[in-house]
Amino acid sequence: MSIALSSVWKVFTETKVKVEALKGVDLRIESGEFVVVLGPSGSGKSTLLNVTGGLDGVTEGEIRIADDVITAMSEKELMRFRRNRLGFVFQQYHLLSTLNVGENVETGAYGVKDSYPYSEVLRMVGLDGYEKKYPFELSGGEQQRVSIARALVKKPKILFCDEPTGALDEKTGKAILSLLKKLHEELSMTVVLVTHNASIAQIADRIIRMNSGYIVEDQRNEQKVSPDEIAWH
Amino acid sequence: MKSRGIRLYFLYVWRFMREKWLSFLLLGVLLFISGFVYTAIADSVGAFQAASEDYFEKTNQEDFVFEVSDTLDLTERERVFEECGITATSMSSLYREDRDCYMDIVHQRQDRLLAEFADIDLEARLAKDLTFAVEGDNYRMRILNDAETINKSHIEKGEAPGEGEIAITQNFARARGLSIGDTLELRDATYAISGFVLFPDYNLPIIDHVLLMDSTHQTLALLNDADFADFNVAPSMYFSGVLSATDGDSLEAAIDEGTYLELPFFERLILTENNVRSGAIYAEIEGSQAFALIFSLFIAALGLIIILMLLAKTIRASKRPFGVLKALGVPNRALIGPFLAVFGLYGLAFLLAGYTVGHIVAPPLQDLYRMFYLLPAGDVVFRPETFFVAILAPMVLLLSVTYWLLKRMFRLRPVDLIHPKLSDFAVVKFKRMRNAFARFSFLFRLQVAFIARHMGKFAVYVLGIVAAVYAGLLSFSMMGVLERTLPDYYENTSIVSKGYCEGLCTDEDEYGERVLEAPMQINGERAEIIGLSDGQSLHPLEDAAGNDLLGKLEEGLVISASFRDLTGFSRGDTVTLRVVGRELEKEIVDVATPYAGSQVFMDRSALGEWLFDDETAYNAVYADERLSEEAFASVVHVEDLLEHVASLHDVFNAFIFTIIGAALAVGLIVVYLLTVMTVEDHYYPLALFKVLGYDNKDIHRILLGGYEKANVVFFLLTIPIAVASFSFFRRWIAEMYEFLVPLQVLPLHVGIFAALFLLMTLLGTLSAKRRIKRLSLQEALAIYQE
Ligand SMILES: Nc1ncnc2c1ncn2[C@@H]1O[C@H](COP(=O)(O)OP(=O)(O)O)[C@@H](O)[C@H]1O
Ligand SMILES: [Mg+2]
């Protein structure tokens, strides 16, 4: 599924000082791409991801996903759209502590007709046999895998990841990136990954650089490396 | 694979409740108590009400009474002298001399009253009181004859009495082991019990004193007209009245306008609803229903506060996960629905249980009421309005508040759930708060800061604490309400027996000290005047400080503290005493505090001089030994009186202790739950401080010290609130019925309650802390951070 943003503005006005987080962003992401959005903290990456994923509205401009204009959708339509097409992974895992791993994954399949069996999706994220464990019994990396499984269980067409390794150490972080790469290839999803860590960007097909609400650079990544090889810092 | 969808979220809510099982269990108990108390009272009183209304209708219960004086006025004396050739000053002496002449005066009085109002019917009610013995113990009896139209008697069981027969009340018979066919010795005659009787003008068997309403030590009785007339006791008399159906409502108009009836023999008009003996049931029904409603709503509201706090807590703990789920397309309904359904079902289960048990308890509760009231029993039936109030109303409240809270929170967009914003408002408020407290210690400012973090929650906390303390104080204040009335009075005196003469005494003072007692009006208020002489020793008269006031009687009146409270009279007031045809102005010179009741004390010789032109007059004798019944017209033994009150007590106390228990339990549960929740609210900072290396004591002081101070402050603040509201309640009852319910907040009770309160907060803190200890620090930081 392709994504197209045209002249997207996002201005936050609820705060004392007006913040222009996105200043007329034009962008097209093709179906099946692995895109990393790179930029310093506060440059508007998360905002970009949120509006593109329909978690937040835009101030101006239009966003299309495949043939649907999501900026014209009502809350309810958006919710259905997200349910059927989009997956999200955040820096914090945000699992429900009283549900076990299998049940947490199941929460991601709400109202979806065609989803993976939970054991299969857990095998895909490398947590075979973890179904009955509770979040507090897992390490951070394992919890992030569960949250990825939760996002994937409904077979999304696009996966949005906002700093998915932000809370992890190098080794675990790399493992999560490898997993995302592997899933991208096996499931032929579009993946949009947001990070401030330039070394992570090296794994992408395409790197989009942002600074203070603008896209300042957008290029194919010619020296793509595998996650194990990147220099982490 | 098909997801369980919404069922999964049911599981989530269920697990959440299981984790907080104790809080939810206690919450359930609150809801149970709420449903139970309301249903038990509403259904029993409702059954009672239905039965009583029928009964009052059928027996034509009085709407009001005119109380009249026993003293004959001047025109009456002249008439008696002219028509019957008798010199009499009182109705009772006239009765003994000439029955026909007596009845003539009764009819004349009746005509004079009827002439005043167009819209009333009257019937004279004669009552003969006596003391009689069953198996050696003395009891009181009031004998009535059958009325013609107003206040007709109702035979509950057996037959109306024929010649030589008597009907008494079933309560008395049961308590004394008497059954139909048994005989009673009254004076010199023997009567066989023919049946059990009820009178609509005596739904409480009040004979001597308004507070003596125990139906096991006194009885009403019915004799047939001939036996009643033959029975050799001078009757007391009043006129029972009903408002006739004519449209001229001059009596009501007169009452509304406060018109004073200028007939010399007239003492006062009492409407049935203000008349304890005949109308207390109306207030009982209204009062019980109001109490049940307020009490159960109060508890339901406390339950609601707790649900709110529990929910706010879950929501906060699962805010972010729910944000992610919303991002993934899970609709609000999936998140809100299960909470509503599970909470709803849970609440419903406990309310239903409370309702059911309440309904089962209603018939025995009605029997308990019937140990006081002389009224026919009604059937406890299913009453839709009870069901509605006990179950539907709290459910609607519970569900709408839960829904509102969930909706408010899930209305937020997923981004805002995942990354909650710190509101500017909170920051500004926080800063202002800190500035205001700048001159206090650092610790105190920190404590204030921790409270100010959640002002809304703190408000709920304070509300809950105040409500709980109020409930506790109220329950304690009701303890010993009865002891503070009659027994207190007699405890202050050394009287063993009081002997009353027919009319004035002659030489009965060989048995004890002379006293002159007379009922009268003081500025329109009914009072019991007791004429004491300076030299007497059995009835001390002291003020609050213990100073002797007997000597002061020469200067004027001494009133009892409760009479002061009832009427608002105070020292220095000049008041007008009024009996038939005579008035006297007197100054109130002091207040005797030990006594409860409407007693007003006066110098005996001054009283005798005024009433009988005889400064040696006395009509009663107080003695420090048991007086013989033979020497007097009637004798009151203090010991019997107190026993009488004590037996009333047992029933009353069973009642009060149930309420005390419930109120106390509710109060303490709330204190416990609020404490647990408040401590849990501080998981995050607690863990944080721990990580920073603070020791447990400091952490406790910083986080909970503020709440502890608030506890003390609001505990203390609630005391005057409670005292003020109880005194308002006292005055309200006093205005209605002219007697004081001595609700009292005693320091000892406050102390006991404070200790219990402290215990509950300690238990709450302990249990919350134990749970915190089990939680690893990282986890606490991750889960509870804001
Ligand atoms: N909800 C919001 N309200 C106000 N300002 C916001 C909000 N979200 C983000 N911003 C501001 O928008 C800018 C971009 O933020 P963000 O997209 O989170 O940056 P990044 O993810 O690149 O660190 C920042 O200046 C940030 O402070
Ligand atoms: Mg960001």
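A quick note: this is a predicted structure, and the numbers were derived from the prediction, not measured. By convention here, each chain's residues receive numbers from 1 onward along its written sequence. Lettering for chains starts from A, numbering for ligands starts from 1, and both go in the order in which the items are written. In view of the model being predicted, local features appear only for residues whose pLDDT reaches at least 70, and side-chain atom pairs are presented and counted only at 80 or more, with totals across whole chains, interfaces and linings using the full set of residues. For side-chain calculations, the full set of non-hydrogen atoms in the structure is used, while hydrogens and water are omitted.

**Student:** Can you walk me through the overall build of chain A in this structure?
**Tutor:** For the purposes of this entry, the term helix denotes a DSSP run of H or I that reaches at least four residues, the term strand denotes a run of E that reaches at least two, and both are numbered from the N terminus. In terms of helices and strands, chain A carries seven helices and ten strands. For chain A, the spread of C-alpha atoms along the three principal axes comes to 45 × 45 × 35 Å. Put simply, chain A has 233 residues, and 56% of those count as buried. Of the contacts formed within chain A by residues at least 6 apart in sequence, a portion of 71% connects residues at least 24 apart. By element, 46% of the accessible surface of chain A is carried by carbon and sulfur atoms, the whole surface being about 9700 Å². Each residue is placed in one exposure class: buried if its accessible area under a 1.4 Å probe, protein chains only, is under 20% of its type's maximum, exposed if it is over 50%, and partly exposed if it falls in between. Every residue pair with non-hydrogen atoms within 4.5 Å of one another is taken to be in contact. For the accessible areas, the method is Shrake-Rupley and the probe is 1.4 Å, while residue cover comes only from the protein chains on display.

**Student:** Looking at this structure, I do not really get the site of ligand 1. What am I missing?
**Tutor:** All names here are of chain A. Summary of the distance rule: residues count as near a molecule or strand when at least one heavy atom falls within 4 Å of that molecule or strand. Ligand 1 sits among Phe12, Thr15, Val19, Ala21, Pro40, Ser41, Gly42, Ser43, Gly44, Lys45, Ser46 and Thr47. In this structure, Gly42 approaches ligand 1 through a main-chain N or O atom, which is 2.6 Å from an oxygen atom. Pairs of N or O atoms within 3.5 Å make up the polar contacts considered here, provided that, within protein, one atom can donate a hydrogen while the other can accept it, and that residues adjacent in sequence are counted only when both atoms are side-chain atoms. Taking Ser43, its main chain carries an N or O atom lying 3.2 Å from an oxygen atom of ligand 1. Here ligand 1 loses 69% of its free accessible area of 550 Å² to cover by the protein chains.

**Student:** How should I be thinking about the pairing of strand β1 (residues 3-12) of chain A in this particular structure?
**Tutor:** Here is the key point about a regular strand: its side chains alternate between the two faces of the sheet. Residue and element names in this part refer to chain A. A pair of strands is considered paired only if DSSP assigns at least 2 bridges between the two. As defined by bridge partners, β1 adjoins strand β2 (residues 19-29) across eight bridges and the pair is classed as antiparallel. The partner of Lys10 across the bridge, within β2, is Leu22. Relative to strand β4 (residues 60-65), β1 runs antiparallel, the two sharing five bridges. Its bridge partner lying in β4, Ala4 is registered against Arg64.

**Student:** I would appreciate a short explanation of the pattern of salt bridges in the present structure.
**Tutor:** Between side chains of opposite charge, pairing is possible as soon as their charged atoms come close. Residues and elements named next belong to chain B. A pairing counts as a salt bridge when a side-chain nitrogen of Lys or Arg comes within 4 Å of a carboxyl oxygen of Asp or Glu. A full pass over the atoms with the stated rule returns 28 salt bridges over all chains. A salt bridge links Arg112 to Asp73; its shortest N-O distance comes to 3.7 Å. Taken as a pair, Arg112 in helix α5 (residues 99-116) and Asp73 in the loop between β1 (64-68) and α3 (74-84) lie far apart in primary sequence, 39 residues in all. For Arg112, a relative accessible area of 22% gives the class partly exposed. A residue is classified by how much of its surface remains accessible, and Asp73, at 4% relative accessible area, is buried. Residue Arg125 pairs with Asp201 through a salt bridge whose shortest N-O separation is 2.9 Å. Here Asp201 lies in the loop between β7 (189-198) and β8 (218-223) and Arg125 lies in strand β2 (residues 120-134), a separation of 76 residues in the sequence. Residue class for Arg125 comes out buried when judged on its relative accessible area of 3%.

**Student:** Help me understand the interface of chain B and chain A in this model?
**Tutor:** By a widely used convention, the size of an interface equals the accessible area lost when the partners come together. On the chain A side, the residues contacting the 33 residues of chain B number 36 residues. Note on definitions: buried area is the accessible-area loss of two parts on being combined, 1.4 Å probe, summed for both. Note on chain B versus chain A: buried area summed over both sides is about 3100 Å², and carbon and sulfur give 59% of it. Where Arg15 of chain B meets Glu103 of chain A, a salt bridge forms, and the shortest distance between an N and an O atom there is 2.8 Å. The set of elements that each furnish at least two residues to the side of chain B that touches chain A consists of α1 (6-19), α9 (276-327), α10 (332-372) and α12 (414-418) of chain B. Of all the elements, α9 of chain B adds the most residues to the side of chain B that touches chain A, at eight residues. Classes in brief: Ala, Val, Leu, Ile, Met, Phe, Trp, Tyr, Cys and Pro nonpolar; Asp, Glu, Lys and Arg charged; the others, Gly included, polar. Its residues assigned to classes, the side of chain B that touches chain A shows 18 nonpolar, four polar and eleven charged.

**Student:** I tried to follow a negative patch on the surface on my own but got confused; where do I start?
**Tutor:** By definition, no residue in a patch forms a salt bridge, and every one has over 30% relative accessible area; like charges are joined within 9 Å, nonpolar side chains (Val, Leu, Ile, Met, Phe, Trp, Tyr) within 5 Å. For the charge count, each Lys or Arg is scored as positive and each Asp or Glu as negative, with His and the chain ends excluded. All charge positions are set by atom: Lys at NZ, Arg at CZ, Asp at CG, Glu at CD. Where like charges cluster on the molecular surface, the negative patch consists of Asp534, Glu542, Asp548, Glu554, Glu555 and Glu587 of chain B. Classification of Glu555 of chain B by relative accessible area gives exposed; the value is 54%.

**Student:** Any chance you could explain the domain arrangement of chain B here in plain terms?
**Tutor:** All names here are of chain B. Note that the domain bounds were set by an automatic or database domain assignment. Each domain of chain B was delimited in the assignment, giving domain 1 (1-60 + 279-421), domain 2 (124-244), domain 3 (454-488 + 639-786) and domain 4 (504-618). Listed as interface residues are 29 residues of domain 1 and, on the opposing side, 26 residues of domain 3. On the surface where domain 1 and domain 3 come into contact, there are zero salt bridges. The interface formed by domain 1 and domain 3 includes zero residue pairs in polar contact (both at pLDDT 80 or more). Those elements that place two or more of their residues in the side of domain 1 that touches domain 3 are α2 (21-59), α9 and α10. Top contributing element to the side of domain 1 that touches domain 3 by residue count: α9, with 15 residues. Residue classes in the side of domain 1 that touches domain 3 are distributed as 22 nonpolar, two polar and five charged.

**Student:** Is there a simple way to think about α2 of chain B in this case?
**Tutor:** Every α-helical turn comprises 3.6 residues, leaving residues that sit three or four positions apart pointing alike. With 39 residues, α2 of chain B should cover 57 Å at 1.5 Å per step; its first-to-last C-alpha distance of 56 Å lies within 8% of that length. Remark: Asn60 of chain B follows α2 of chain B within two positions and exhibits a positive phi of approximately 55°. How far a helix is expected to stretch is found by multiplying one less than its residue total by 1.5 Å.

**Student:** What exactly am I supposed to notice about the packing of aromatic side chains here?
**Tutor:** Two aromatic rings are characterised by how far apart their centres lie and by the angle between their planes. Stacked, tilted and edge-to-face are the three classes applied to pairs of Phe, Tyr and Trp rings, where Trp contributes its six-membered ring and a pair requires centres within 6.5 Å; stacked means planes under 30 degrees apart, edge-to-face means over 60, and tilted covers the rest. Counted under the stated rule, the structure contains 31 aromatic pairs over all chains. Ring plane angle 20° and centroid distance 5.4 Å describe the contact between Phe88 of chain A and Phe160 of chain A, whose orientation is recorded as stacked. You can see Phe88 of chain A sitting in strand β6 (residues 86-89) and its partner Phe160 of chain A sitting in strand β7 (residues 158-162), a full 72 residues away along the chain. This pair shows no difference in class: Phe88 of chain A is buried, exactly as Phe160 of chain A is. Taking 5.9 Å as the distance between ring centres and 90° as the angle between the ring planes, the aromatic pair formed by Phe24 of chain B and Tyr346 of chain B counts as edge-to-face. Of this pair, Phe24 of chain B sits in helix α2 while Tyr346 of chain B sits in helix α10, and the two are 322 residues apart along the sequence. Taken together, Phe16, Phe24, Phe339, Phe343, Tyr346 and Phe350 of chain B form an aromatic cluster joined through their ring pairs. By definition, being over a ring means that NZ of Lys or CZ of Arg is both within 6 Å of the ring centre and within 35 degrees of the ring normal. The positively charged end of Arg277 of chain B is found above the aromatic ring belonging to Tyr202 of chain B, 5.1 Å away from the centroid.

**Student:** What should I look at first to understand empty space enclosed by the protein in this one?
**Tutor:** Over the atoms rolls a probe the size of a water molecule, and in doing so it shows where empty space is left. Residue and element names in this part refer to chain A. Note on definitions: the grid is 1 Å and covers protein atoms alone; a cavity is a set of points where a 1.4 Å probe fits but cannot get out; a pocket is an open set with protein on both sides within 12 Å along at least five of seven lines; lining residues have an atom within 4 Å of a point. Grid points are joined across faces, edges and corners, and a volume is the space filled by probe spheres set on the points. Enumeration over the complete set of coordinates arrives at four cavities of 30 Å³ or more. Volume-wise, the largest cavity comes out at about 60 Å³. Around the largest cavity, the lining residues are Leu5, Leu27, Ile29, Val37, Lys45, Leu48, Leu49, Thr52, Phe160, Val192, Val194 and Ile208. When contributions to the lining of the largest cavity are tallied by element, the ones reaching two or more residues are β2, α1 (45-52) and β8 (190-195).

**Student:** I keep staring at the nonpolar core and nothing clicks. Help me out?
**Tutor:** Buried together is how nonpolar side chains tend to be arranged in soluble globular proteins. The biggest cluster of nonpolar side chains holds 126 residues, and the ones touching the most others in it are Phe339, Phe343 and Tyr373 of chain B. It is α9 of chain B that provides the largest number of residues to this core, a total of 18 residues. If we skip the residues at most four places from it in the chain, Phe343 of chain B touches Val13, Phe16, Met17, Phe24, Ile307, Leu311, Pro338, Leu398 and Thr402 of chain B. With 75 residues, the next largest nonpolar core counts Phe34, Ile148, Leu152 and Leu179 of chain A among its residues. Side-chain atoms within 4.5 Å are what join buried Ala, Val, Leu, Ile, Met, Phe, Trp, Tyr and Cys residues into a set we call a nonpolar core.

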